[in-house]
Amino acid sequence: MTAVGKRTATLPPRWVIRSAWVLHRALLRFSGGRIGLRRPKDGKSFGMMRLTTLGRRSGQSRAAIGGYDEDGPNLVTLAMNGWAEAEPAWWLNLQAHPDVTVRTRDGAQQVRAHRAQGAERERLWARWA
C-alpha cells in the first residue's frame, strides 16, 4: 500500500539494467575511452569510472564501471550491484586485492581501496543519502 502523495521507485527489469551496463562498457571500449567516463559535478551528479581489479579466485584482471564522487583527493563509490541483492563481484575482488587501477576522465591511477568505517562511513553516507 502506498500513502497518498508518496511515490515509490520502480526499477526496470534486471535484464534492462544488465543490458545498459553492457552497452556502457562497449561504448567505453569502442570509443577508446572518449565516451563513458565523466567527472562528478559539484555534488549534483556522480562521475563515472572504470575500476580494474584482480579476480579473488582467478587472479585475472576484471573491469567494472561505476559511479564515484570525490572526497578531497579520494574517490568514493558505493558497492552496488545494479540494485540486486548480492554484493557485486568487483567489491569482493577489491576486498581480496585492494591495490587497483582506476580510470577516470583525468586518466588512470593506481589506488589502494579501503572500506569506510566509523565516523568516515557516517560522514560519507550522509553525503550520498
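Up top you'll find the structure we're talking about.
The rules behind the values
- Within each chain, residues carry numbers counting from 1 in the order of the written sequence.
- A pLDDT threshold of at least 70 governs which residues receive local features in this predicted model, and a stricter bar of 80 or more applies before side-chain atom pairs are shown or counted, although totals over entire chains, interfaces and linings include all residues.
- Each side-chain value is derived from all of the structure's non-hydrogen atoms; neither hydrogens nor water enter the calculation.
- The criterion is simple. A nonpolar core is a set of buried Ala, Val, Leu, Ile, Met, Phe, Trp, Tyr and Cys residues joined through side-chain atoms within 4.5 Å.
- Relative accessible area decides the class of each residue, using a 1.4 Å probe on protein chains only: under 20% of the type maximum gives buried, over 50% gives exposed, and in between gives partly exposed.
- Each helix is a run of DSSP H or I of at least 4 residues and each strand a run of E of at least 2, with the numbering of both proceeding from the N terminus.
- In a helix, the anticipated span is given by 1.5 Å times the number of residues less one.
- Whether two residues are in contact is decided by their heavy atoms, any of which lying within 4.5 Å being enough.
- Should DSSP find at least two bridges between two strands, the strands are regarded as paired.
- Think of each axis as a best-fit line through the C-alpha atoms, taken over the contacting stretch in the case of a helix, with angles from 0 to 180 degrees between the N-to-C directions.
- Pairing of aromatic rings covers Phe, Tyr and the six-membered ring of Trp, with a centre-to-centre limit of 6.5 Å; geometry is then stacked below 30 degrees between planes, edge-to-face above 60, and tilted otherwise.
- For a lysine, the NZ atom is tested; for an arginine, the CZ atom; a charge sits over a ring if that atom is within 6 Å of the ring centre and within 35 degrees of the ring normal.

A.B. asks: What should I look at first to understand the nonpolar core in this one?
C.D. replies: One recurring pattern in soluble globular proteins: nonpolar side chains tend to sit buried together. By size, the foremost hydrophobic cluster in this structure holds nine residues: Met-49, Leu-51, Ala-64, Tyr-68, Trp-90, Trp-91, Leu-94, Val-100 and Val-102. Residue assignment for this core shows that the elements contributing at least two residues are strand 1 (47-54), strand 2 (61-71), helix 2 (89-96) and strand 4 (99-104). In terms of residue count, the dominant contributor to this core is helix 2 (three residues).

A.B. asks: I'm lost on helix 1 (residues 14-30) in this one. Help?
C.D. replies: Each full turn of the α-helix corresponds to 3.6 residues, which orients residues three or four apart in the same direction. Between its terminal C-alpha atoms helix 1 stretches 24 Å, which fits the 24 Å expected from 17 residues at 1.5 Å a residue. Those residues of helix 1 that fall on the buried side of the exposure criterion are Ile-17, His-24, Ala-26 and Leu-28. Summarising the contacts, the buried residues of helix 1 are in contact with strand 1 and strand 2. Positive phi appears at Gly-32, one or two residues downstream of helix 1, with a value of about 65°.

A.B. asks: Got a minute to help me understand the sheet that holds strand 3 (residues 74-76) in this structure?
C.D. replies: Sheet strands pair by backbone hydrogen bonding; their relative direction is either parallel or antiparallel. If you walk across this open sheet you meet the five strands as 3-2-1-4-5, and the pairing is antiparallel. Sheet topology places strand 3 and strand 5 (107-112) at the edges, where each strand pairs with a single neighbour. The mean inter-strand angle of the sheet, taken between neighbouring strand axes irrespective of direction, is 45°. Where strand 1 and strand 2 come together, eight bridges link them in antiparallel fashion.

A.B. asks: I would appreciate a short explanation of the packing of aromatic side chains in the present structure.
C.D. replies: In this description, an aromatic ring pair is defined by two values, namely the gap between the centres and the angle between the planes. This model, assessed by the stated rule, comprises one aromatic pair. Here Trp-90 and Trp-91 contribute two aromatic rings whose centre-to-centre distance is 6.3 Å and whose plane-to-plane angle is 75°, an arrangement assigned as edge-to-face. When its relative accessible area of 16% is taken as the criterion, Trp-90 is described as buried. Here the guanidinium or amino end of Arg-29 rests over the ring plane of Phe-30, the centre of that ring lying 5.2 Å away. The ring of Trp-125 has Arg-121 lying over it, and the distance from NZ or CZ to the ring centre is 5.8 Å.

A.B. asks: What exactly am I supposed to notice about the pairing of strand 2 here?
C.D. replies: Residues in a regular strand project their side chains so that they alternate between the two faces of the sheet. Counted along the chain from strand 1 to the antiparallel partner strand 2, the turn is six residues long, and its residue Gly-59 has a positive phi close to 75°. Hairpin connection from strand 2 to strand 3: two residues lie between these consecutive antiparallel strands, with Gly-72 at a positive phi of about 65°.

A.B. asks: I would appreciate a short explanation of the pairing of strand 4 in the present structure.
C.D. replies: Of the two faces of strand 4, the one lined by Val-100, Val-102 and Thr-104 is fully buried and the one lined by Asp-99, Thr-101 and Arg-103 carries no buried residue. The sheet contact formed by strand 1 and strand 4 spans three bridges and is antiparallel. By the bridge assignment for strand 4, Thr-52 is matched with Thr-101. Of the strand pairs in this sheet, strand 4 and strand 5 are connected by six bridges, and their pairing is antiparallel. Bridge pairing in strand 5 links Val-102 to Gln-109. Remark: two residues form the turn of the hairpin made by strand 4 and strand 5, two consecutive strands paired antiparallel.

Just geometry here; none of it tells us what the structure is for.
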